[in-house]
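# Residue-level structure breakdown
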Amino acid sequence: MHDLRWTIPVARWSSWPAGATATPDIGFVEPLMRRRLSALSKMALKVAHDCAADREAVRLVFGSRHGELRRTTGIIADIAASEPVSPTAFSLSVLNAMAGVYSIARRDTSPATAMSAGAETLGYALLEAYAQWSADASTPVLVVYADEPADARFGPVDHEATTGALAILLDRGAQAQLDCSTGLALDASPVPEFPTQRDAVVHGLTAHAPTAWQGAGRRWGWSLREAGA
């Protein structure tokens, strides 16, 4: 892939920061299901609801590097210990679990995409959202990214995820635009200013300053500006 640039309309965005001690408010999910959800799904559902609660229908692009890996790890541990595996735990262990819960809670049958692309997951999720928006701008597209570090038993992970979530709503009438770019890395061994893509994008959204991130042989950049500027 050569250098690529694209622009997405930012109607709203919401972030759940690392280190937050409060429990995400996801009262729109019925209590029985809410009790079964992981911290990861709760963060993702919280920021998604912040952005699209008043939209009747939204297409969803959900991205996570590890997804429900902690739940999956628990299932494997149960199997190793010859313990029965909970059907609920199994059904909620898949990458697209949050997307399914969100669709059910909203009673929204719009298309949903779940993706994982290592440390560059958020960048590619934004690219996927742009592709969907460019093909059809009749309904909003909601990008939701949520992650948490892998269990220590898996060993060191390059550009490891930090705990947190981010949602960005693409819709008509947006007052801001996010210019995105990606290309081949200029330096094979960079020292990243931001540990993850999510940290870089959130900084750009809050500071209104261009931000960059590099890893896995590619560089990524984001810059927020007023629509029409």
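Check the entry above for the structure.
All of the points below concern the structure found in this document. Note that the structure is a prediction, hence the values are computed from the model and not measured.

## Regarding the overall build of the protein chain
- Check the secondary structure of the protein chain and you find seven helices and nine strands.
- Relative to the globule expectation of 17 Å for 229 residues, the C-alpha radius of gyration of the protein chain, 18 Å, shows essentially globular dimensions.
- Dimensions of the protein chain, computed from the C-alpha atoms along their principal axes, are close to 60 × 45 × 30 Å.
- A sequence separation of at least 24 residues applies to 76% of the contacts in the protein chain between residues at least 6 apart.
- As displayed, the protein chain has an accessible area near 11100 Å², and 55% of this comes from carbon and sulfur atoms.

## Comments concerning the nonpolar core
- Ranked by internal contacts, the top residues of the largest apolar core, which has 30 residues, are I168, L170, L178 and W222.
- Counting only elements with at least two residues in this core, the list comes to β1 (4–10), α6 (121–135), β5 (141–147), β6 (164–170), β7 (176–184), α7 (197–207) and β9 (218–226).
- Ranked by the residues each element gives to this core, the list is headed by α6, at six residues.
- With sequence-adjacent residues up to four places away left out, I168 is seen in contact with V10, R12, W13, C51, L126, V141, L142, V143, L178, V201 and L205.
- Formed by 27 residues, the second largest nonpolar core is a distinct cluster that contains V29, A48, L142 and L169.

## Quick look at the sheet that holds strand β8 (residues 211–215)
- Spatial strand order, β1-β7-β9-β8: four strands in an open sheet with antiparallel pairing. Across the chains shown, the open sheet's two edge strands, defined by having one partner strand only, are β1 and β8. The sheet shows a mean angle of 20° between the axes of neighbouring strands, taken without regard to direction.
- Of the pairings in the sheet, the one linking β8 to β9 comprises five bridges and is antiparallel in character. Residue T211 lies in a different strand from β9, and its bridge partner there is W222.
- The strands that α7 touches are β7, β8 and β9; relative to β8, the one it contacts most, it runs at about 170°.

How each quantity is defined
- Residues numbered from 1 in each chain as written.
- Predicted model: local features only at pLDDT ≥ 70, side-chain atom pairs only at ≥ 80, totals over all residues.
- Heavy atoms only, no water.
- Helix = DSSP H or I, 4+ residues; strand = E, 2+ residues; numbered from the N terminus.
- Rg over C-alpha atoms; globule rule 2.2 N^0.38 Å.
- Contact = heavy atoms within 4.5 Å.
- Areas by Shrake-Rupley, 256 points an atom, 1.4 Å probe, with all protein chains shown as cover.
- Core = buried A, V, L, I, M, F, W, Y, C linked by side-chain atoms within 4.5 Å.
- Buried < 20%, exposed > 50% of the residue type's maximum accessible area, 1.4 Å probe, protein only.
- Pairing = 2+ DSSP bridges.
- Axes fitted to C-alpha atoms, helices over the stretch in contact; angles between N-to-C directions.

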